[in-house]
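Take a look at the letters that make up each chain.
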Amino acid sequence: MTSVRAAARSALCRLLGMAVTLLVTSFLVFSSLYLAPGDPAAFLVRGRSPSPDELAAIRQQYGFNDPFPVRYWHWLDGVLHGDFGRSYLFHQSVASVLWSRLPATLLLVGVSTLMIAVVGVGAGIVGALRRGTRTGSAVLLMVTVGAAVPSFVAAIVLRSVLGVKLGWFPTIGNGTGFVDQLHHVVLPAIALSVTFMALVTRVTRSAMLDELRREHVEVALSRGMPRGAVIRRHVLRNALGPIVTVCGLLVSGMLVSTAIVETAFGMSGVGSLLVQCVDELDFQVVQAIVLLVVAAFVVVNTAVDLVYPLIDPRVRAAGGAR
Amino acid sequence: MPLLSYEDLSVLLPGMARPVLDGVSLSVAAGEAVALVGESGSGKSVTARAALGLLPPGATTAGQVTVDGCALIGADPATVRAVRTGKASMIFQDPRAAINPVRRIGDFLTEALRLVDGRGRAEAEARALDLLAAVGLPDPPRHLRQYPHQLSGGMLQRVMIAGALTADPRLLLCDEPTTALDVTTQAEIMAVLRALQQDRGLGLLLITHDLDLAAAGCDRIYVMYAGRIVETATAAELLATPRHPYTAGLLGSSPPLHGAPERLTPIPGVPMGLLESAPGCAFAARCRFARPGLCDQSPPELAPVGERLVACHLADSILSEVDR
Ligand SMILES: Nc1ncnc2c1ncn2[C@@H]1O[C@H](COP(=O)(O)OP(=O)(O)OP(=O)(O)O)[C@@H](O)[C@H]1O
Ligand code: SF4
Ligand SMILES: [Mg+2]
């Protein structure tokens with residue numbers, strides 16, 4: 001079928017676009033850190049006072065003297081083979097440093113995403129269906145407050161109230177074992193998701209309100225369809241487009257915010273690692289994390305683009321041949 | 001008892017100077033095709049929707065609408081559901097807006113059968129296939145799997161008609177079913193509707209602003225102006241000798257279904273909006289027969305004039321002048 005071929009072709013284009021985006025990003029990331037102030041060689045010998053010869057030798061060894069394109073090429077070649085270089089700070093490969101920190105961050109982001117999807121979308125649905133009632137106003141108030149609370153403020157408040165005062169949740173560290181880790185991740189996940197939850201609620205609510213006004217919704221009701229089924233099959237279903245899109249756009253914001261939240265809760269994850277390595281000028285690690293964040297963003301949004309035709313079949317027609 | 005009857009139905013919206021509907025009485029017998037004709041904003045859609053228990057939000061009502069013995073004004077949800085799911089169905093003007101664009105045609109046709117009647121998928125689809133064939137679509141199995149944007153407007157209106165028939169209603173309410181379509185398709189859709197109505201013995205209420213279309217497809221015609229019925233008669237009578245000046249004006253301003261629009265002399269002026277009201281005849285400002293001191297004093301009541309009903313103070317005296 002031609003439509004299948006067209007779909008495959010457009011998917012291929014998207015994947016190619018994704019690869020190009022990542023390549024450009026890698027270049028930008030590498031060059032911006034290359035241009036950043038601070039001499040990595042001086043950092044390596046911190047605490048001692050090296051002779052100029054010694055410094056020169058270190059520069060030689062780490063390739064700091066090579067011209068920019070050569071260094072970029074070396075780095076890119078490594079990255080493509082899964083080698084992100086060595087961390088000066090941890091004296092390990094960047095990959096193994098990241099690998100050890102990744103699970104905690106993935107758990108944090110995963111739990112937050114779940115909260116955003118369930119609570120954010122749920123509140124948006126309630127806000128739209130109960131518009132004009134007290135419940136509806138409560139949702140609007142929550143959105144306004146939630147959107148105004150930065151994650152570090154949420155972190156401080158949650159820690160001091162639910163953690164320190166009430167003692168319901170641990171206030172520091174990652175925890176050991178799945179249940180304990182989950183217990184540890186609750187407060188950070190709330191702190192991380194408050195702002196994004198508010199955003200998703202707002203988008204869900206307005207998309208639902210738009211769809212509620214459609215004539216086909218009234219038509220479905222006029223055919224005697226139960227209201228619940230109409231909401232599910234015609235209102236929420238048609239509102240999915242904007243909801244999925246905004247969720248895709250949130251991913252990078254969430255990953256960046258993990259830096260704040262993990263630091264606030266003394267968690268050991270990729271976010272707190274980023275803060276630490278920026279502080280200590282551990283360029284190799286910073287480069288790898290930034291690239292990873294961008295990659296996650298690009299991958300998620302490509303995935304959103306790819307599922308979009310499933311959500312709205314009209315996009316399929318516009319993209320390929322009819 | 002007629003299949004559909006409106007008894008003195010009035011609908012008032014908050015903040016409006018005059019009612020949207022003002023004492024509308026209308027009936028459709030089983031197997032009868034009736035048209036409701038009027039300009040844009042006269043209240044035709046509000047009338048038709050009331051027969052499905054759909055009233056504008058915030059509306060206050062007086063009078064009653066009865067479908068197949070079920071009184072709808074002030075009815076409990078179960079009665080309204082009963083009317084919607086087996087007694088009456090509506091065909092809307094714009095099928096592109098009335099059918100969910102992201103779900104398949106098959107879903108549109110079977111959802112009510114499956115979710116309301118609790119039939120199985122296979123049974124519901126078999127019925128949908130029958131109905132798609134009945135409305136004259138060429139390839140029912142394919143259409144079931146298509147999306148609305150893959151069909152032309154005329155085909156989609158046929159789907160809409162099939163959708164209205166799934167519940168096996170006794171009454172079809174058609175709210176300008178052909179207005180969104182081109183002229184050839186209009187005639188085809190009217191033919192499909194007429195054939196289905198006759199084959200199945202359905203009551204049909206056709207809403208249109210085109211008197212010729214109404215006369216071609218219906219037995220009786222009601223003419224509505226500013227929320228009131230101003231004239232009603234059999235189609236042949238009304239077309240041959242319109243008694244109400246508004247009906248006469250409509251005949252002058254409706255382009256014929258076939259051929260060149262030779263009689264196109266629109267009624268001067270604009271219809272009265274909901275924010276205006278008049279102590280006398282609502283049509284007075286546009287009526288060339290209006291008599292000061294009479295027409296602007298009290299609203300004319302719908303009264304028998306020969307075989308028909310006309311709401312005009314001068315219905316008897318201006319007969320000859322309106323005759324063409
Ligand atoms: N839900 C509503 N809220 C407010 N006003 C409404 C509502 N529904 C209809 N009206 C008003 O009632 C009047 C009659 O509307 P209606 O839709 O019945 O007209 P119509 O005769 O069907 O016109 P058209 O030929 O344009 O479809 C119009 O002035 C319209 O603006
Ligand atoms: S009552 Fe008077 S104004 Fe109204 S239609 Fe008749 S003649 Fe015209
Ligand atoms: Mg209308």
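Here, every reference points to the structure presented above.
These numbers were taken from a predicted model, which means no experiment stands behind them.

Trainee: Outline the site of ligand 1, listing residues and values.
Mentor: Residue and element names in this part refer to chain B. Lining the immediate environment of ligand 1, one finds 14 residues, of which Ser40, Gly41, Ser45, Val46 and Glu176 sit closest. Interatomic distance of 2.9 Å between a backbone N/O atom of Lys44 and an oxygen atom of ligand 1. A distance of 2.9 Å is found between an oxygen atom of ligand 1 and a backbone nitrogen or oxygen belonging to Val46. Bound to the protein, ligand 1 loses 63% of the 620 Å² it would expose on its own.

Trainee: So what's going on with helix H10 (residues 227-264) of chain A? Which residues, and what values?
Mentor: All names here are of chain A. Here H10 contains 38 residues, and its C-alpha end-to-end distance of 45 Å is more than 12% below the 56 Å for a straight helix at 1.5 Å per residue. At Leu240, H10 is bent by approximately 40°, the largest bend along its length, and proline Pro242 sits one to four residues beyond. Backbone geometry just after H10 places Gly266 at a positive phi near 55°.

Trainee: Can you break down the nonpolar core residue by residue, with the values?
Mentor: By size, the foremost hydrophobic cluster in this structure holds 98 residues, and its most contacted members are Leu4, Tyr6, Val159 and Ile221 of chain B. Membership of the second largest hydrophobic core comes to 48 residues, among which are Phe30, Met254, Val270 and Cys277 of chain A.

Trainee: I'd like a rundown of the pairing of strand E7 (residues 171-175) of chain B, residues and numbers included.
Mentor: Residue and element names in this part refer to chain B. Of all the five residues making up E7, five are buried; the element is thus mostly covered by neighbouring parts of the structure. Side chains of E7 alternate between two faces, with Leu171, Leu173 and Asp175 and Leu172 and Cys174 buried alike. As defined by bridge partners, E7 adjoins strand E8 (residues 203-208) across five bridges and the pair is classed as parallel. Looking at E8, one finds that Asp175 is bridged to Ile207.

Trainee: Explain the sheet that holds strand E9 (residues 220-225) of chain B to me, and be specific about the residues and the numbers.
Mentor: Residues and elements named next belong to chain B. Read across the open sheet, the eight strands follow the order E6-E7-E8-E3-E9-E10-E12-E11; overall the sheet is mixed. Every other strand in the sheet has two partners, leaving strand E6 (88-91) and strand E11 (303-305) as the edge strands with one partner each. Along the sheet, successive strands turn relative to each other by an average axial angle of 25°, direction set aside. By the bridge criterion, three bridges tie E11 to strand E12 (residues 308-310) in an arrangement that is antiparallel. Looking across to E12, one finds that Pro304 is bridged to Leu309. Helix-sheet contacts for helix H7 (residues 153-165) involve E6 and E7, and the interaxial angle to E6 is about 170°.

Rules of the game
- Residues numbered from 1 in each chain as written.
- Chains lettered and ligands numbered in written order.
- Predicted model: local features only at pLDDT ≥ 70, side-chain atom pairs only at ≥ 80, totals over all residues.
- Heavy atoms only, no water.
- Near = heavy atom within 4 Å.
- Polar contact = N/O pair within 3.5 Å; in protein donor to acceptor, adjacent residues only side chain to side chain.
- Areas by Shrake-Rupley, 256 points an atom, 1.4 Å probe, with all protein chains shown as cover.
- Helix = DSSP H or I, 4+ residues; strand = E, 2+ residues; numbered from the N terminus.
- Expected span 1.5 Å × (residues − 1).
- Bend = angle between axes of the 7 residues up to and from the residue.
- Core = buried A, V, L, I, M, F, W, Y, C linked by side-chain atoms within 4.5 Å.
- Buried < 20%, exposed > 50% of the residue type's maximum accessible area, 1.4 Å probe, protein only.
- Pairing = 2+ DSSP bridges.
- Axes fitted to C-alpha atoms, helices over the stretch in contact; angles between N-to-C directions.
- Contact = heavy atoms within 4.5 Å.

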